[in-house]
Amino acid sequence: MLAHDTIVGPLPEFTKGDELINHGVPEQVIGNLKSDVVEFFKQPLQDKQECAQQPGGVEGYGQAFVVSEDQKLDWADMLYILVQPTESRDLRFWPTRPPSFRNSVDVYSSEAREVGYRLLESMAKGVGAEPATLRAVFQGQALGMRVNYYPPCRQAADRVLGLSPHTDADGLTLLFQINNDVHGLQVKKDGKWFAVEAMDGAFIVNVGDALEIMSNGKFTSVEHRAVIHPTKERTSVALFFFPSSDMIVGPLPEFMKGDQMRYRSTSFHDFMKQYFAEKLDGRKHLERLRLLEQ
Ligand SMILES: O=C(O)CCC(=O)C(=O)O
Ligand SMILES: [Fe+2]
């Protein structure tokens with residue numbers, strides 16, 4: 001754990017002659033999005049339901065991953081929309097209140113997109129692959145945004161989850177929360193759950209399934225969940241970077257170089273279909289594609 005007074009910056013050991021990733025999302029842009037998201041969730045249910053999910057669809061306001069009438073639901077509301085490229089937007093699911101909501105999402109998603117692309121370049125480079133390899137896979141493809149709202153739960157905060165254990169299906173996820181004082185996100189490592197300490201002004205970056213597969217396991221899709229607080233609400237905003245839905249996702253030659261292939265290939269469309277059809281359950285859907293143990 002870092003001491004709270006550590007100045008966090010790229011360490012010389014990791015930069016050796018590199019340019020720093022000095023591209024960020026302006027604070028004002030994040031600030032605008034935060035206040036609009038808070039406003040949206042504050043509205044009466046009836047108003048939020050103007051953007052309600054449609055039967056069988058995934059976009060809109062509602063609850064994530066409801067696949068049966070009798071499953072125990074997660075303690076959260078959410079709004080999921082495709083945000084980039086512009087043509088992918090289905091405005092039926094985009095809130096009109098507060099009036100600045102749409103513009104805030106538009107500006108945020110185009111700024112954050114560039115941060116994601118640069119991260120992908122650095123990650124590829126970091127494991128000895130051509131920097132453009134991953135950027136080329138994700139550039140111009142769909143970006144989804146999910147806002148998760150976890151109300152407090154005084155009676156049963158230790159018995160219900162905000163969001164069940166899962167991995168993200170995408171390549172990379174940029175995540176931030178509205179209020180970093182409230183802990184919620186946990187990651188699983190060596191069979192144990194650890195709370196993530198979110199820092200003001202920084203994204204939490206999660207590797208998703210598509211990147212674990214493409215990198216032949218060089219990057220690991222992180223299993224995570226969200227817990228809830230007995231007295232405080234929490235809101236998080238996740239931005240998902242997807243590959244093209246008709247891409248056949250499998251280990252990329254750039255990441256194999258002499259290694260054996262560790263995952264079966266699958267069309268990303270089929271992978272997503274399966275992902276949304278099941279209750280979230282850790283790394284289950286990813287493990288189905290594994291050919292070799294790590
Ligand atoms: O609320 C969080 O911190 C986690 C959100 C998350 O994992 C997701 O939206 O996929
Ligand atoms: Fe997630």
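Predicted, not measured: the structure shown is a model, and the values here were computed from it.

Peer 1: Can you break down unusual backbone geometry residue by residue, with the values?
Peer 2: For residues that are not glycine, phi is negative in most cases, and the peptide bond is trans in most cases. Residues Gln-84 and Pro-85 are joined by a peptide bond in cis, for which omega reads -10 degrees. Within the secondary structure layout, Pro-85 lies in the loop between strand E2 (77-84) and helix H4 (101-126). A cis amide bond, omega -5 degrees, links Arg-97 with the succeeding residue Pro-98. The phi torsion at Asn-216 lies on the positive side, around 55 degrees, for a residue other than glycine. By the element assignment, Asn-216 lies in the loop between helix H6 (209-214) and strand E9 (224-227). One non-glycine residue, Lys-257, lies in the positive phi region at around 25 degrees.

Peer 1: Any details on the coordination of the iron ion (ligand 2)? Residues and values, ideally.
Peer 2: Within the first shell, the iron ion (ligand 2) binds the protein through His-166 (NE2), Asp-168 (OD) and His-224 (NE2), at distances of 2.1 to 2.2 Å. Donor residues for the iron ion (ligand 2), ordered by position in the chain, follow H-x1-D-x55-H. Side by side, His-166 and Asp-168 carry an identical accessibility label, which is buried.

Peer 1: How would you sum up helix H2 (residues 27-42)? Please name residues and give values.
Peer 2: Three or four residues apart is the spacing at which side chains of an α-helix point the same way, because the helix has 3.6 residues per turn. Taking 1.5 Å per residue, 16 residues should reach 22 Å; H2 reaches 23 Å between its end C-alpha atoms and fits that length. Of the positions making up H2, those classed as buried are Val-29, Ile-30, Leu-33, Asp-36, Val-37, Phe-40 and Phe-41. All buried residues of H2 project into a common sector of 135 degrees when viewed along the axis, lining one side. Relative to its buried face, H2 has exposed residues pointing more than 90 degrees away, namely Glu-27, Gln-28 and Lys-42.

Peer 1: Which residues make up the packing of aromatic side chains, and what values go with them?
Peer 2: Under the criterion given, the structure shown has 12 aromatic pairs. Judged by centre distance (6.2 Å) and plane angle (55 degrees), the rings of Phe-41 and Tyr-61 are tilted. Of this pair, Phe-41 sits in helix H2 while Tyr-61 sits in strand E1 (residues 60-62), placing them 20 residues apart in sequence. Both residues of the pair, Phe-41 and Tyr-61, count as buried. An angle of 75 degrees between the planes, with centres 6.2 Å apart, marks the rings of Tyr-117 and Phe-241 as edge-to-face.

Peer 1: So what's going on with the sheet that holds strand E3 (residues 143-150)? Residues and values would help.
Peer 2: In space, the six strands of this open sheet follow the order E1-E2-E3-E10-E5-E8, with antiparallel pairing throughout. Two strands in the sheet have a free side with no partner beyond their single neighbour: E1 and strand E8 (204-207). Here the average twist between neighbouring strands, direction ignored, is 20 degrees. Both E1 and E2 contribute to a ladder of three bridges, which runs antiparallel. Considered in E2, the bridge of Tyr-61 is made with Leu-79. Against the sheet, H4 touches E2, E3, strand E5 (172-177), E8 and strand E10 (234-241), its axis set at about 130 degrees to E5.

Peer 1: Residue-level account of the nonpolar core, with values.
Peer 2: Grouped burial of nonpolar side chains is what soluble globular proteins tend to show. Tyr-108, Met-145 and Leu-239 are the most contacted members of the largest nonpolar core, which has 66 residues in total. With 10 residues, the top contributor of residues to this core is H4. Not counting chain neighbours up to four residues away, the residues in contact with Leu-239 comprise Val-83, Tyr-108, Ala-112, Leu-143, Gly-144, Met-145, Asp-170, Leu-172, Thr-173 and Leu-174. Ranked by size, the runner-up nonpolar core spans eight residues in total, among them Cys-153, Val-160, Leu-163 and Ile-228.

Peer 1: Which residues make up the side chain of Thr-266, and what are the values?
Peer 2: Within the fold, Thr-266 resides in strand E12 (residues 266-267). Beyond its immediate stretch of four places on either side in the chain, Thr-266 contacts Met-247, Ile-248, Val-249, Phe-271 and Leu-289.

Reading guide: rules and limits
Residues numbered from 1 in each chain as written. Chains lettered and ligands numbered in written order. Predicted model: local features only at pLDDT ≥ 70, side-chain atom pairs only at ≥ 80, totals over all residues. Heavy atoms only, no water. Helix = DSSP H or I, 4+ residues; strand = E, 2+ residues; numbered from the N terminus. Donors = N, O, S within 2.8 Å, 3.2 Å for Na, K, Ca; no water. Buried < 20%, exposed > 50% of the residue type's maximum accessible area, 1.4 Å probe, protein only. Expected span 1.5 Å × (residues − 1). Arc of directions from axis to C-beta. Phe/Tyr/Trp six-rings, centres within 6.5 Å; stacked < 30°, edge-to-face > 60°. Pairing = 2+ DSSP bridges. Axes fitted to C-alpha atoms, helices over the stretch in contact; angles between N-to-C directions. Contact = heavy atoms within 4.5 Å. Core = buried A, V, L, I, M, F, W, Y, C linked by side-chain atoms within 4.5 Å.

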